[in-house]
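Notes for the structure review
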Amino acid sequence: MTFEDLYRQHVQAVFRFALSITRRRDLAEDLTSEAFLALHREQDRIDPSQLPAWLLTVVRNRARDVWRHQLV
């Protein structure tokens with residue numbers, strides 16, 4: 001499956017998840033972009049059956065990084 005196919009298949013769910021945990025559209029868009037950039041870099045190493053969970057984990061971890069940075 002191509003990157004574009006994976007993007008189309010998962011982008012809405014990833015964005016909805018990001019929005020649900022941040023409650024900020026701008027941040028959700030950034031986190032979604034970061035997740036798909038990470039996917040683009042790591043696509044050959046990711047088990048396709050793990051992909052949805054992998055993307056959501058990237059979003060969650062990046063959101064935590066943002067929150068930690070805001071607390072400092």
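Residues numbered from 1 in each chain as written. Predicted model: local features only at pLDDT ≥ 70, side-chain atom pairs only at ≥ 80, totals over all residues. Heavy atoms only, no water.

1. Re the layout of surface pockets
- Considered as a void within the structure, the largest pocket measures approximately 160 Å³ in volume.
- Lining the largest pocket are Met1, Leu6, His10, Leu39, Gln43, Ile46, Pro48 and Leu51. (1 Å grid on protein atoms, 1.4 Å probe; cavity = no way out; pocket = protein on both sides within 12 Å on 5 of 7 lines; lining within 4 Å. Points joined across faces, edges and corners; volume = space filled by probe spheres on them.)

2. Focus: the packing of aromatic side chains
- In this structure the tally under the stated criterion is two aromatic pairs.
- Between Phe3 and Phe36, the aromatic rings sit 6.5 Å apart at their centres with planes inclined by 80 degrees, giving edge-to-face as the arrangement. Taken together, the residues Phe3 in helix H1 (residues 3-22) and Phe36 in helix H2 (residues 25-42) connect sequence positions 33 residues apart.
- Consider the rings of Tyr7 and Phe36, whose centres lie 4.8 Å apart with planes at 70 degrees: the pair is edge-to-face. With Tyr7 in helix H1 and Phe36 in helix H2, this pair connects stretches of sequence that are 29 residues apart.
- Of the residues examined, Tyr7 reaches a relative accessible area of 37% and is grouped as partly exposed.
- Among the aromatic residues, those joined into a cluster by ring pairs are Phe3, Tyr7 and Phe36. (Phe/Tyr/Trp six-rings, centres within 6.5 Å; stacked < 30°, edge-to-face > 60°. Helix = DSSP H or I, 4+ residues; strand = E, 2+ residues; numbered from the N terminus. Buried < 20%, exposed > 50% of the residue type's maximum accessible area, 1.4 Å probe, protein only.)

3. Description of the pattern of salt bridges
- Scanning all chains against the criterion turns up six salt bridges.
- In this structure, Arg24 engages Asp26 in a salt bridge whose closest nitrogen and oxygen atoms are separated by 3.0 Å.
- Note that Arg62 is salt-bridged to Glu34, the shortest N-O span being 3.2 Å. Here Arg62 is found in helix H3 (residues 51-71), whereas its partner Glu34 is found in helix H2, with 28 residues between them in sequence.
- A relative accessible area of 26% places Arg62 in the partly exposed class. (Salt bridge = Lys/Arg side-chain N within 4 Å of Asp/Glu carboxyl O.)

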